[in-house]
Amino acid sequence: MTTQTMWQTKVLCWVRQDMAAFQTLRGRIEKAMRDCPDKPTMDKTLERAIQWAQAADRVPVPQSISLSAESRPEIVHPLTGEAIPFDRILCPSANVLQTTPEAASDAASATSLSEPPPARPDSQKDKPTLESLIVETSTEIDWENTFLRIWRFAPDVLQKGFGSLWRQYPTDMRSPDHTVWESLTLTSAMAGAMAADPNGLPALLLMSFGPVQGFIAQARSVSDLWAGSHFISRIAWEAAQIICNRYGPDAMLFPNLHGVPHADFWLYRKLGQDWPKSHTVSWMEETTDANPLFIATLPNRFVAIVPAQDAKTVVEKIETHLHDWVTIQAKNAFLEILGAAGKSSLGKAAEQMEAQLKDFPEIHWAIVPWRLATKDGTTLNDDSLQSLISFLGETSHPGEEVFREPISIHEEQFYCPNPGIAYPHLFEALERLTAAAKSCRTFSGNRSEGYRCTLCGEWEWLTPDRGDPTKPSGIFAPIGQRGEESPWPKAAQRAPSLVREKEFLCARCTLKRVWPRLVVQEAVMSIPKLDDVHRYIVSTHAMAVSTSIRHHLHRESEEAAGQPDEVMQQLQRKAVSLCALQQRISSSPELKGSALPASLYRKLKVANRNPQDVEFYRKLPSLLDTLETDQDRDAVVAYLVDLLGVKPETYYALILMDGDRMGAWLAGEMHAGALETRFHSTLRQSLAGIAALDAYRSARRPVSPGYHQAVSTALNSFALYLARTVVEEMFMGKLIFAGGEDILAMVAVHDLPAVMTTLRCAFSGVLPAGVDQQTFWSALNTEADRLELSSGFVIRREGDRKDILRLMGKYATASMGAVIAHHQAPLGRVIGALYAAESQAKNDGGRDAFCITVMKRSGGTHHFIGKWGLDTPWSESDMGLLFDLRKSFARDISRRTAYILEDILPKLPASPGALSGVLRYQFSRQSKGPDAEIGDLPERLEAAARKRDGTDTTGRAGHEWLHTLILTAEFLAREGRWIETEG
């Protein structure tokens with residue numbers, strides 16, 4: 001088949017969907033193909049693709065067994081098996097984010113389940129229709145662009161009655177555990193691969209890229225940290241782009257590319273004028289550092305379905321493209337350094353870069369063709385596949401023999417296996433082959449003769465003139481003896497934000513350092529206003545000072561309500577300080593405003609209508625960064641104390657989150673429920689009475705493409721939409737990396753516990769046991785109507801828009817490490833502590849845990865490790881106790897209590913009641929007044945500590961754990977780090 005025939009076949013997959021909504025689109029497409037000579041071949045390919053896709057994805061049910069008219073429409077969460085009625089998803093709470101009564105009624109009463117309720121008047125006003133997605137030239141349909149538009153925009157077009165629930169609409173209401181869009185995507189991917197292969201057979205391709213942790217961790221600034229994460233994500237996209245261009249973005253089974261900013265950016269440039277004018281996304285409009293294009297959102301690996309015969313060619317093309325692309329980017333990066341130094345020739349640096357980038361990035365891949373599961377391309381015969389699995393290592397799949405033979409009931413054969421059911425074994429072989437490929441590491445044989453890079457210490461630093469080892473000169477000369485031929489000293493003088501003093505970088509570190517500038521230059525081609533973004537990475541100092549600025553905004557309203565004389569004195573001191581600070585800033589015209597957290601920036605714009613006032617606050621962190629003497633710093637800090645009402649905060653926090661056992665999730669080993677959990681709840685009851693189907697119903701649910709898409713979609717929802725909303729909109733932070741379950745973020749110390757808790761709950765889509773939405777968000781000191789988490793779903797509200805997103809569900813867990821550090825602490829040391837904290841959460845905490853490491857400037861360090869315990873009441877959880885204890889230190893009891901208990905706790909006996917008695921006595925003795933609220937906090941602290949007792953020989957492990965909890969809570973409660981709910 002021709003390339004056009006492949007695109008036509010993929011379009012046919014979508015329009016053949018048996019739903020009335022597709023009728024008009026189907027009619028126009030079928031009419032356009034009426035005289036196509038390849039139509040019979042396409043129909044045969046499509047029929048086979050549908051059969052294989054359904055066998056791989058769907059759970060067949062006898063046609064004679066149907067839902068009753070009384071059955072409520074529901075969705076089965078694909079990762080938990082929980083059946084959830086439509087109206088419960090639309091309106092999970094009576095107090096928060098209620099849908100309209102009409103919409104809830106529509107959802108509850110829709111019993112035909114073949115089409116959503118009709119739209120009410122004006123509900124589709126200004127909305128495009130499915131048939132409007134067809135792209136027509138003067139003579140024919142543009143089949144490629146038509147497919148791309150349907151794949152990207154069809155889920156957003158139809159919103160009749162159900163609103164955004166339409167994107168969760170199931171393929172089959174009898175087994176409603178995957179959406180119609182996931183089913184259509186798999187079928188078109190299968191059909192495209194079959195149509196493009198001479199033998200009509202697809203293959204699975206897995207590719208992974210590195211290095212990851214080592215490349216990212218080699219950072220001297222937050223900009224370096226961001227650049228390393230973003231560049232690895234971009235490498236994954238450059239590889240995925242090859243497949244998208246050849247076979248369409250639906251060919252990517254994992255991760256799902258729908259709505260991913262870089263995929264949208266590619267599609268926008270590919271479609272050009274064919275991009276629907278009615279459809280705008282945030283990266284088109286956001287002209288600040290919060291633009292989604294600046295967030296790393298793709299993991300470092302993908303799984304795709306491609307034509308079997310073309311698979312190796314695709315891999316080779318990807319490898320060639322990545323090497324060429326990385327080399328070009330490195331040369332462009334060094335040209336920026338040369339330009340800053342007034343030079344233009346690469347000279348010998350071009351040869352250095354070729355050598356240093358020879359094996360960069362690391363690429364590992366494996367291909368498993370579907371022909372291993374069939375002899376004739378039609379029937380199931382997986383002897384070769386089973387032999388491969390046995391060779392790679394035998395794995396038992398209990399109950400899978402049920403799916404290898406036809407199944408009949410009441411003389412109706414409703415299940416007949418075909419090669420599509422081989423997907424679980426194909427994927428297993430793919431994973432094992434990739435693991436084997438990673439174990440065979442290549443050695444580049446790199447020769448570095450001169451001095452090494454001052455950042456990574458692994459490669460020679462770049463220079464146009466290599467120099468002479470006998471003089472010595474060039475790369476052979478020590479730092480103090482490098483002459484004018486080196487561009488680095490001049491670049492450090494002229495562009496200090498790009499190159500630091502005495503910095504000499506290799507090709508990889510140069511690329512990472514200049515990458516932020518290259519990203520902006522590329523994005524400006526489509527978003528010209530981004531040209532105004534100079535620094536879009538929040539510095540550690542800016543993040544630290546953000547807490548003090550927020551404290552200042554909160555206190556202004558309180559001060560206005562004070563006594564007139566006090567208010568006047570405060571205003572006079574503020575005026576003097578403001579004038580002095582403005583003079584200091586105006587005397588440095590080159591001073592650029594720092595990028596503040598989006599939520600704080602929004603508050604500043606509300607509180608200060610004059611843009612110059614907002615810019616003043618943005619330049620405060622930059623001013624502090626330029627101070628060189630202690631005398632200068634003391635003077636500026638004194639002014640800031642009068643202006644802000646508190647001494648500027650000097651600590652910030654980093655968060656590293658990682659989903660637990662994600663490899664096991666993809667392998668289907670986590671919560672592998674029975675097959676019947678995929679059925680509608682009333683259908684389960686009907687099938688339970690049929691003895692002949694007992695083995696079928698109770699068989700272990702096999703891994704399927706739909707299951708992998710469910711995992712990918714859930715991780716996309718979390719990373720693309722929730723992580724940024726939580727970190728940057730609901731709290732004060734900056735998202736550095738968000739690739740599926742992996743999150744790296746910088747946050748203000750004030751918001752650290754709340755950000756950690758919200759990210760953990762959002763990952764699973766649940767709240768802690770026994771707490772309602774309003775109480776939970778109030779405890780976290782944030783707006784209560786932004787997110788509503790329930791049953792593995794989230795309702796996300798932004799202005800008038802409301803989205804329903806599916807998440808990982810209650811069985812998925814995540815571990816998190818966090819580090820609180822001084823803004824002047826070496827970033828490399830902080831990052832090392834961050835990875836260690838995450839490791840402690842997984843190992844010492846036993847997963848589904850967190851570790852908060854406090855690195856004091858004085859040198860003291862302590863680690864608080866706790867369990868999330870979302871299945872326990874919030875007030876009894878480790879994080880809930882941290883919240884309550886921090887609040888008590890900030891409002892009710894003296895911070896001195898923490899140091900008194902530090903001496904007492906090691907000496908206390910482990911007997912019941914002793915700990916709570918001492919805590920209650922000290923809390924009462926050190927209370928700040930008669931209104932101090934202690935409640936049952938001492939008893940809850942003792943109960944939590946006693947859970948840890950017995951884990952060591954002293955029997956007082958709980959006392960040590962409580963000690964770290966108290967020290968952490970006291971640190972978080974210090975003045976300026978915590979304030980009550982605002983307004």
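Since the structure is predicted, the reported quantities are computational estimates derived from the model, not experimental observations.

A. A look at the pattern of salt bridges. The final tally for this structure, using the stated rule, is 49 salt bridges. One salt bridge in this structure joins E728 and R724, with 3.6 Å as the shortest N-O distance. With E728 and R724 both in helix α26 (residues 705–730) and four residues apart, the pair spans about one turn of that helix. The class of R724 is buried, set by a relative accessible area of 15%. The closest approach of N and O atoms between R920 and E939, which form a salt bridge, is 2.8 Å.

B. Geometry of empty space enclosed by the protein. The tally for this structure, following the rule as stated, stands at eight cavities of 30 Å³ or more. Volume-wise, the largest cavity comes out at about 110 Å³. Secondary-structure elements contributing two or more residues to the lining of the largest cavity are α9 (222–247), α10 (261–271) and α17 (507–524). The biggest single contributor to the lining of the largest cavity is α10, with four residues. Of the residues that constitute the lining of the largest cavity, the class distribution is seven nonpolar, two polar and three charged.

C. View of the side chain of K10. In this structure, K10 sits in helix α1 (residues 3–15). Looking at K10, the relative accessible area reads 1%, which means it is buried. Separated by 3.3 Å, the side chain of K10 and the backbone oxygen of S188 make a polar contact. At 2.9 Å, the side chain of K10 forms a polar contact with the backbone oxygen of Y247. For K10, the contacting residues outside a window of four places in its chain are F147, S188, A189, G192, Y247 and D250.

D. Here's a closer look at unusual backbone geometry. Of note, the amide linkage connecting F360 to P361 takes the cis form, showing an omega dihedral of 0°. Looking at the element boundaries, P361 is found in the loop between α13 (349–356) and β6 (362–369). Omega for the bond connecting K471 with P472 falls within 30 degrees of zero, at -10°, which places this linkage in the cis form. Structurally, P472 is set in the loop between α15 (423–439) and α16 (488–494). Even without being a glycine, R661 presents a positive backbone phi close to 50°.

E. Structural view of the environment of M207. With respect to the helices and strands, M207 occurs in strand β3 (residues 202–210). With 508 residues separating them along the chain, M207 and L715 place their C-alpha atoms 19 Å apart. Apart from residues lying up to four places away in sequence, M207 is in contact with N300, R301, F302, V315, I318, I363, H364 and W365.

F. Focus on the sheet that holds strand β14 (residues 801–806). Pairing is antiparallel across the open sheet formed by three strands, whose spatial order is β12-β13-β14. Two strands in the sheet have a free side with no partner beyond their single neighbour: β12 (787–790) and β14. Across the sheet, the axes of successive neighbouring strands diverge by a mean angle of 15°, strand direction being ignored. Strands β12, β13 (793–798) and β14 of the sheet are contacted by α26, whose axis makes an angle of about 135° with β14.

G. Layout of the packing of aromatic side chains. Applying the stated criterion across every chain yields a total of 33 aromatic pairs. Ring centres 5.3 Å apart and planes at 85° place the aromatic pair F265 and W283 in the edge-to-face group. Remark: W283 occurs in helix α11 (residues 282–285) and F265 occurs in helix α10; sequence separation between them is 18 residues. Here the two residues F265 and W283 agree in accessibility, since each one is buried.

H. Structural detail: the packing of helix α20 (residues 598–607) against helix α21 (residues 611–626). Packing of α20 against α21 brings their axes to within 9 Å, and their N-to-C directions diverge by 145°. Note on packing geometry: the crossing formed by α20 with α21 is right-handed. Note on element contacts: α21 touches α20 through V614, Y617 and R618, opposite Y601, L604 and K605. Of the residues in the contact of α20 with α21, the class split is four nonpolar, no polar and two charged.

I. Quick peek at the pairing of strand β16 (residues 849–855). Counting buried positions over the seven residues of β16 gives seven, a clear majority of the element. Of the two faces of β16, the one carrying A849, C851, T853 and M855 and the one carrying F850, I852 and V854 are both buried. Inspection of the sheet shows strand β15 (residues 814–822) paired to β16 by five bridges, in the parallel sense. Bridge assignment links I820 to a residue of β16, and that residue is V854. Handedness of the crossover joining β15 and β16 through helix α29 (residues 827–843): left-handed. Both β16 and strand β17 (residues 861–867) contribute to a ladder of seven bridges, which runs antiparallel. Note that in β17 the partner of F850 across the bridge is G866. The hairpin turn running from β16 into β17, its antiparallel successor, is five residues long, and G859 in that turn takes a positive phi close to 115°.

J. Geometry of the environment of I367. The topology assignment puts I367 in strand β6. Judged by its relative accessible area of 21%, I367 is partly exposed. Separated by 25 residues in sequence, I367 and G342 place their C-alpha atoms 48 Å apart. If near-sequence neighbours (up to four positions away) are discounted, I367 is found in contact with A203, L204, L205, A311, K312, V315, L430 and L433.

Parameters and conventions
Residues numbered from 1 in each chain as written. Predicted model: local features only at pLDDT ≥ 70, side-chain atom pairs only at ≥ 80, totals over all residues. Heavy atoms only, no water. Salt bridge = Lys/Arg side-chain N within 4 Å of Asp/Glu carboxyl O. Helix = DSSP H or I, 4+ residues; strand = E, 2+ residues; numbered from the N terminus. Buried < 20%, exposed > 50% of the residue type's maximum accessible area, 1.4 Å probe, protein only. 1 Å grid on protein atoms, 1.4 Å probe; cavity = no way out; pocket = protein on both sides within 12 Å on 5 of 7 lines; lining within 4 Å. Points joined across faces, edges and corners; volume = space filled by probe spheres on them. Nonpolar A, V, L, I, M, F, W, Y, C, P; charged D, E, K, R; others polar. Polar contact = N/O pair within 3.5 Å; in protein donor to acceptor, adjacent residues only side chain to side chain. Contact = heavy atoms within 4.5 Å. Pairing = 2+ DSSP bridges. Axes fitted to C-alpha atoms, helices over the stretch in contact; angles between N-to-C directions. Phe/Tyr/Trp six-rings, centres within 6.5 Å; stacked < 30°, edge-to-face > 60°. Left-handed = near helix turned anticlockwise from the far one by under 90°. Right-handed = clockwise from strand over helix to strand, strands pointing away.

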